[in-house]
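Summary of structural features
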Amino acid sequence: MIVLGIETSCDDTGAAIVDSGKLRSNVVYDQQIHQTYGGVVPEIAARMHEQKIIPVVTGALQQAGCALGDLDGIAVTYGPGLAGALVVGLNFAKGLAQSLQAPFIGINHMEGHLWANFLERPLTPDQFPFICLLVSGGHTHLWLVAGPGEYTLLGRTLDDAAGEAFDKGARLLGLGYPGGPAIQHAAVDGDALKFAFPRPKAESEGLDYSFSGLKTALFYQIKRMDANFKDDLADLAASYQQAIIDSLMSRLVKAVEVTGIDRVCIAGGVSANNLLRQSLDNWSHEAAVSISYPAIEYCTDNAAMIALAGYVRLAAGQSAALGLDIYPSLRMDENAAI
Ligand code: KG4
Ligand code: ZN
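Residues numbered from 1 in each chain as written. Chains lettered and ligands numbered in written order. Predicted model: local features only at pLDDT ≥ 70, side-chain atom pairs only at ≥ 80, totals over all residues. Heavy atoms only, no water.

**What to know about the packing of helix H5 (residues 179-186) against helix H7 (residues 233-259)**
Taken N-terminus to C-terminus, the directions of H5 and H7 make an angle of 120 degrees; their axes are 8 Å apart at the nearest point. Here H5 is positioned oblique relative to H7, judged by the angle of their axes. Our pair here, H5 against H7, has a crossing hand that is left-handed. Contacts from Ile183, Gln184 and Ala186 of H5 reach H7 at Ala234, Ala237, Tyr240 and Gln241. Along the lines of polarity and charge, the residues of the contact of H5 with H7 split into five nonpolar, two polar and no charged. (Axes fitted to C-alpha atoms, helices over the stretch in contact; angles between N-to-C directions. Helix = DSSP H or I, 4+ residues; strand = E, 2+ residues; numbered from the N terminus. Parallel < 35°, antiparallel > 145°, perpendicular 65-115°, else oblique. Left-handed = near helix turned anticlockwise from the far one by under 90°. Contact = heavy atoms within 4.5 Å. Nonpolar A, V, L, I, M, F, W, Y, C, P; charged D, E, K, R; others polar.)

**Structural notes on the sheet that holds strand E2 (residues 12-19)**
Sheet strands associate in pairs through backbone hydrogen bonding, adopting either a parallel or an antiparallel arrangement. With respect to topology, five strands assemble into an open sheet ordered E3-E2-E1-E4-E5, the strand pairing being mixed. Edge positions in the open sheet fall to strand E3 (22-30) and strand E5 (104-108), since each of these has one partner strand only. Averaged over all neighbouring strand pairs, the angle between strand axes comes to 20 degrees, with direction disregarded. Note that strand E1 (residues 2-7) and strand E4 (residues 73-79) share four bridges and pair parallel. Each residue of the ladder has a partner; that of valine 3, found in E4, is glycine 73. Sitting on the sheet, helix H2 (residues 83-100) touches E1, E4 and E5, and the angle it makes with E4 is about 155 degrees. With respect to the sheet, helix H9 (residues 304-315) is in contact with E1, E2, E3, E4 and E5, its orientation differing from that of E1 by roughly 135 degrees. (Pairing = 2+ DSSP bridges.)

**Observations regarding the site of ligand 1**
Close contacts around ligand 1 come from 20 residues, with Gly137, Asp167, Gly180, Gly269 and Asn273 the closest. At 2.8 Å from an oxygen atom of ligand 1 is found a main-chain nitrogen or oxygen belonging to glycine 137. The contact in question runs from a nitrogen atom of ligand 1 to an N or O atom on the side chain of glutamine 184, over 3.2 Å. Coverage of ligand 1 by the protein amounts to 89% of the 560 Å² it exposes when considered alone. When contributions to the shell around ligand 1 are tallied by element, the ones reaching two or more residues are helix H3 (109-115), helix H4 (162-172) and H5. It is H5 that provides the largest number of residues to the shell around ligand 1, a total of four residues. Taken together, the residues of the shell around ligand 1 break down into five nonpolar, 13 polar and two charged. (Near = heavy atom within 4 Å. Polar contact = N/O pair within 3.5 Å; in protein donor to acceptor, adjacent residues only side chain to side chain. Areas by Shrake-Rupley, 256 points an atom, 1.4 Å probe, with all protein chains shown as cover.)

**Notes on the packing of aromatic side chains**
According to the stated counting rule, one finds nine aromatic pairs in the structure shown. Aromatic rings pair up to connect Trp115, Phe118, Phe128 and Phe130 into one cluster. Over the ring of tyrosine 29 we find lysine 52; its NZ or CZ atom is 4.7 Å from the centre of that ring. (Phe/Tyr/Trp six-rings, centres within 6.5 Å; stacked < 30°, edge-to-face > 60°. Lys NZ or Arg CZ within 6 Å of the ring centre and 35° of its normal.)

**Overview of the coordination of the zinc ion (ligand 2)**
On the protein side, the zinc ion (ligand 2) has His109 (NE2), His113 (NE2) and Asp301 (OD) as donor atoms, found 2.0 to 2.1 Å from it. Donor residues for the zinc ion (ligand 2) sit on one chain with the sequence pattern H-x3-H-x187-D. With histidine 113 in helix H3 and aspartate 301 in the loop between strand E10 (290-292) and H9, this residue pair connects regions lying 188 residues apart in the sequence. Per residue, the accessibility class of histidine 113 equals that of aspartate 301, and both read buried. (Donors = N, O, S within 2.8 Å, 3.2 Å for Na, K, Ca; no water. Buried < 20%, exposed > 50% of the residue type's maximum accessible area, 1.4 Å probe, protein only.)

**Quick word on the domain arrangement of the chain**
Looking at the chain, the domain boundaries give domain 1 (2-115 + 298-315) and domain 2 (126-293). Computed from C-alpha atoms alone, the centre-to-centre distance between domain 1 and domain 2 is 27 Å. Contacts between the two partners involve 16 residues from domain 1, matched on the other side by 19 residues from domain 2. Buried surface at the junction of domain 1 and domain 2, both sides included, amounts to about 1300 Å², of which 72% is carbon and sulfur. Counting the surface domain 1 buries against domain 2, the share from its top three residues, Met110, Leu114 and Cys299, is 42%. Joining domain 1 to domain 2, the criterion identifies zero salt bridges. For the pair domain 1 and domain 2, the interface holds three residue pairs in polar contact (both at pLDDT 80 or more). Counting only elements with at least two residues in the side of domain 1 that touches domain 2, the list comes to H3 and H9. (Domains from an automatic or database assignment. Buried area = accessible area lost by both parts, 1.4 Å probe. Salt bridge = Lys/Arg side-chain N within 4 Å of Asp/Glu carboxyl O.)

**Some words on the nonpolar core**
Residues Leu173, Ile244, Leu248 and Leu252 are the most contacted members of the largest nonpolar core, which totals 46 residues. Among the secondary structure elements, those contributing two or more residues to this core are strand E6 (130-135), strand E7 (140-147), H4, H5, helix H6 (212-225), H7, strand E9 (263-267) and helix H8 (274-287). The greatest single-element share of this core, amounting to 13 residues, is contributed by H7. Setting aside chain neighbours within four positions, we find leucine 173 in contact with Ile183, Leu218, Ile222, Phe229, Lys230, Leu233, Leu236 and Ala237. Among the nonpolar cores identified, the runner-up in size contains 32 residues, and Ile107, Leu134, Ala307 and Met332 belong to it. (Core = buried A, V, L, I, M, F, W, Y, C linked by side-chain atoms within 4.5 Å.)

As structure tokens, then:
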């Protein structure tokens, strides 16, 4: 079964082909123009998707050696994301499905991130249940995954997402956008113990996250240091990054203790972070927890994960009606795919 996946939920225009669960091509056009503005400009994102969607889809078909007539289904992100950006991919996919008389399926972007963990290893029933930490620019959620479409929320951020904490911190530090890679880069030779930024108390209840206090602490630290903060940029970046990763790890460790489930996946843009991956590796050796994360190119937004999620759904006999609309605030446990 050959599935075309299309992703246009934010500022990456993506198309990919999955053939019987195996990735055959993956093309992403990264709209770097947003770096000029220090964040994603929704109107520009939508226009760029319109310009790039045909070349990106054509590129994915060519790389996979497929013709349109070979497609057995078309999968597309219908939420969550920016409304104007989602509309471009969804309408393109519907038009293509209609003209090819091929099945069409709407995919939840966050569920796509989750399945990115299975682009390079088989998705077999013995992988379940597992705990997934989904960490992106707009989400920080801990899910118990019992099977495809079976998600129970264990914890979530009460304010900023982890990626947002990286992006806002980078802006305060005068680093570029996106903030995660910029802070990771600036932190390379920094001392992570130099500045004591807040972390959640280990004994505090629940599995929720909060990053707004951390961002405020960085704001006041920079204010106290005035223009001199640039002299300590590496130490500030390293200490701030360490505080975000320590927070992510503390709740994840607690989730494993509370549930007794010792298989963990991470997904979403922040799962590309080196310090998070190192911390997970160390934990997995100490605590005999099995850890999985996607290859770096599948952590941030891409269509490979959407094509795989579409394949899983189509193989289970599911497809959507052409009346499906975008759903910008779609949750993981609410119509994970249609
Ligand atoms: O999943 P994603 O590409 O888009 C959303 O669905 O939001 O995630 C983007 C987020 C941004 O906040 C970005 O700063 C963060 O992922 N990010 C990282 C890294 N690479 C991307 N954060 C920390 N370290 C990284 N290496
Ligand atoms: Zn994403």
